[in-house]
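Structural features, examined
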Amino acid sequence: MQNEKTETFAQIASNDTHLFRLHEGLLSCAQACLSEWLQVLLVIERIKADKKDAAARLKMLIELAECVYNDPLVGAYTESDSMRYCITTDPLWNVGPAIHVQRLNVLDTLFTALDSGQARNAYLTGIGKKMANHDADGLSGFDTRYEKITGERIPAILDKLNYSWQNLNDCRLHYPHETIVRCVLFNQALLDALSDLQAWINMPVPVKNSVVLSSLLERNKITLSVQGGDLRPVQRASLRGQLYEGAAIKLISLITAISSAVGLRTLQPLTHPQFPLVANKAKEKSTFPNVSSYEEEVVTFKCGARTLRECIDKGNTSEFYLSLEQNIADILYPGVDRNFTPNDRLPLPVWAALNRAIEWSIDDESLLPQPASVRINYQVIMTGVKFSHWLWNKRRNVHNIRINQALDEYLADCADEYLPARLTIKQYYDQMRSWSRSALAPTVKRQLRNRSERLMLITRSLLQPLNIDLLNCYNEFIRLIQMVAEGKVFDESDVYSHISLAKELRSLLESSPDQQEIPLKAFICAYAQIEHQGRDDDYLLPPLYGLEKLQQLVALNLDQGW
């Protein structure tokens, strides 16, 4: 009887064109997620193929990460404090990272220093600030163990390795050092998670629906009765909603499983620390403008003004909005489960974040799918990357191994796996490397043009670009330029002109001695070939105003990494 019911429901779902349209949004979100992670892998290949010394810098950074990962004190500390770094999880749709991948969390301050182009002093200063914040929170017991690792053990490892503090800023396309390192160290877990997502993408919609149907029927979540082999419109709409939610839950579990595989924690607003916001509902006399005053239930939200200002200044408004949505859901819909606990319903804030991810990903400039003429696709990248990672590890021990010999050993080592032919692996490897060198940077620039205008939507969505720092830097660069020039210099979408200007500004700073007054506004207007409108009150500006703004613009590193 249940099999007949499943077949009937499956037949109804397979003919539901509206459900197919809903699935198109989920597929665009899944494709965008897959493309983002494949781009990181291609950035790593770009670094390995660099003809200067980027590959050596990457190797040194990986050696440092391996030493910290294998350190007994770090391992014991992570085991005892694993929950400190865990994102909110539940086993149904948001699986947390394994404990061992969290060992690299102790390097977050070091990675931040590398991202900003700084070195040992900046790292130690960052550790000092972090410890001061912990002291203010009364976490001295935690600080003792953390301080020993970050203040003593890691510096000792740095000295032992004679670490040079050379960063990858000239070739990483603003993808964080931490993301790159984690994708190298936990490469196999990442590839497995990507394969699971790709399998879901390739699965036909009727098959997805059948999987969800079987699960719902097995757990008695569908109580609809079929009469005459069909459902009434209201029943059909209910079934459609359950099937769509089941597919959404599966997709979110696959997306979060990828970041969990490498231990990243801040890829979307649901993993951000909750903004401190309090909501209350009580009866009182309303005093709203243009509304008659009478007693009713009024919802009040309270937060610290300084905390909110800091949140906005740092560009972390997604934390505020997520906390606001969670409080609204809790106070207005108390009967709806919004907690991150095992259940078969998505919390309301998760739905909102997913819908935003679908909205920005549908029209995004995505790496995949590419036209056939480009000769690059998922299979080419995954086959090439897998062999490249094996080859890179091999060459760390055997420096002069030739590619043909490496292919023979690779096929022997992976004899129990299904692999393409030897020649196909070589071709895919070469295609993937060539594309990472020639076409990856232009793709990222096109993405920057499209995404910078939708930054607020993206930061509040379930899916964020892994190099979202680039979007923040680009928008801040435009803001500062317009502030100095007192108007628009280039169109906001003209990425190439802004990057070119950033290079010229770096050259200007390097050629200008410190403490020198710089006519920055005149320089920018001359470069953009626009008329320099001087003001009568320019003399009121601080003497070093131009130098200060120039330093801020160059510090954004918009010209770096291309």
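Please read these numbers as outputs of a predicted model, since none were measured by experiment.

So, about the overall build of the chain. Helices and strands together make up the secondary structure of the chain, namely 24 helices and 2 strands. When the 562 residues of the chain are sorted by exposure, 48% land in the buried category. In the chain, the proportion of contacts linking residues at least 24 apart, taken out of those at least 6 apart, comes to 75%. For the chain, the exposed surface amounts to about 27,400 Å²; the carbon and sulfur share of it is 50%.

Okay, the side chain of His-177 next. As for its position among the elements, His-177 is in helix α9 (residues 177–185). In this structure His-177 touches Leu-61, Phe-111, Leu-114, Asp-115, Asn-167, Leu-168, Asn-169 and Arg-172, once residues within four positions along its chain are discounted.

Residues Trp-37, Leu-38, Leu-110 and Leu-505 are the most contacted members of the largest nonpolar core, which totals 148 residues. Beyond its immediate sequence surroundings of up to four residues, Leu-505 is in contact with Phe-477, Ile-481, Leu-520, Phe-523, Ile-524, Leu-550, Leu-553 and Val-554.

Right, let's talk about the confidence of the model for the chain for a bit. Detailed conclusions should not be drawn from predicted coordinates in areas where pLDDT is low. Counting all residues, the mean pLDDT for the chain is 82, and 82% of those residues have values of 70 or more. Between the elements of the chain, mean pLDDT differs from a low of 48, seen in helix α5 (residues 82–85), to a high of 96, seen in α9. Between residues 83–88, whose pLDDT stays under 50, and residues either more than four places distant or in other chains, the model counts 16 contacts. In the predicted structure, residues 337–343 sits below a pLDDT of 50 and forms 18 contacts with residues beyond four places in sequence or in another chain.

Let's shift gears to the packing of helix α19 (residues 440–451) against helix α22 (residues 495–510). At a closest axis distance of 9 Å, the pairing of α19 and α22 adopts a crossing angle of 105 degrees. As far as their axial angle goes, α22 and α19 are roughly perpendicular. Between α19, through Pro-442, Lys-445, Leu-448 and Arg-449, and α22, the contact on the second element is made entirely by Val-495, Tyr-496 and Ile-499. Tallied by class, residues from the contact of α19 with α22 come to 5 nonpolar, no polar and 2 charged.

Scanning the model with the defined rule gives 9 aromatic pairs in all. Between Tyr-244 and Trp-351 the ring centres are 5.8 Å apart and the planes differ by 20 degrees, which places this aromatic pair in the stacked class. Pair noted here: Tyr-244 is in helix α12 (residues 233–262) and Trp-351 is in helix α15 (residues 348–362), with a separation of 107 residues, a long-range link. You can call Tyr-244 buried: its relative accessible area is 12%.

Our next topic: the pattern of salt bridges. Using the criterion set out here, one finds 21 salt bridges in the structure. Residue Arg-153 is joined to Asp-71 by a salt bridge in which the shortest nitrogen-to-oxygen separation is 2.9 Å. Pair noted here: Arg-153 is in helix α8 (residues 140–161) and Asp-71 is in the loop between α3 (54–70) and α4 (72–80), with a separation of 82 residues, a long-range link. Arg-182 is the partner of Glu-178 in a salt bridge, and the nearest nitrogen-oxygen pair spans 3.0 Å. Taken together, the positions of Glu-178 and Arg-182, both in helix α9 and 4 residues apart, correspond to about one turn of that helix. Each member of the pair, Glu-178 as well as Arg-182, is classed as buried.

This next bit is on unusual backbone geometry. Where the residue is not glycine, phi is negative for most of them; where a peptide bond is considered, it is trans in most cases. We note that Trp-165 has phi near 60 degrees; this positive angle belongs to a residue other than glycine. With phi around 70 degrees, His-174 is a residue other than glycine that occupies positive phi space.

This paragraph deals with the environment of Gly-384. On the secondary structure map, Gly-384 appears in helix α16 (residues 378–397). Along the primary structure Gly-384 and Ile-425 are separated by 41 residues, whereas in three dimensions their C-alpha atoms are 6.5 Å apart. Leave out the neighbours within four places in its chain, and Gly-384 touches Tyr-428, Tyr-429 and Met-432.

In the contact formed by helix α11 (residues 205–218) and α12, the axes pass within 9 Å of each other and the chain directions differ by 105 degrees. By the criterion of interaxial angle, the relationship of α11 to α12 is roughly perpendicular. Residues Asn-209, Val-212, Leu-213 and Leu-216 of α11 form the contact with α12, whose participating residues are Leu-239, Gln-242, Leu-243, Gly-246 and Ala-247. When its residues are assigned to classes, the contact of α11 with α12 shows 6 nonpolar, 3 polar and no charged.

With respect to the helices and strands, the residue Trp-562 is situated in the segment after α24 (545–555). Under the relative-accessibility criterion, Trp-562 is labelled buried at 18%. Trp-562 has contacts with Arg-46, Asp-170, Leu-173, Ala-441, Val-444, Lys-445, Leu-470 and Ile-499, leaving out every residue within four places of it along the chain. Only 2.8 Å separates the side chain of Trp-562 from the backbone oxygen of Leu-558, close enough to count as a polar contact.

Conventions used here
- Residues numbered from 1 in each chain as written.
- Predicted model: local features only at pLDDT ≥ 70, side-chain atom pairs only at ≥ 80, totals over all residues.
- Heavy atoms only, no water.
- Helix = DSSP H or I, 4+ residues; strand = E, 2+ residues; numbered from the N terminus.
- Buried < 20%, exposed > 50% of the residue type's maximum accessible area, 1.4 Å probe, protein only.
- Contact = heavy atoms within 4.5 Å.
- Areas by Shrake-Rupley, 256 points an atom, 1.4 Å probe, with all protein chains shown as cover.
- Core = buried A, V, L, I, M, F, W, Y, C linked by side-chain atoms within 4.5 Å.
- pLDDT = per-residue confidence, 0-100.
- Axes fitted to C-alpha atoms, helices over the stretch in contact; angles between N-to-C directions.
- Parallel < 35°, antiparallel > 145°, perpendicular 65-115°, else oblique.
- Nonpolar A, V, L, I, M, F, W, Y, C, P; charged D, E, K, R; others polar.
- Phe/Tyr/Trp six-rings, centres within 6.5 Å; stacked < 30°, edge-to-face > 60°.
- Salt bridge = Lys/Arg side-chain N within 4 Å of Asp/Glu carboxyl O.
- Polar contact = N/O pair within 3.5 Å; in protein donor to acceptor, adjacent residues only side chain to side chain.

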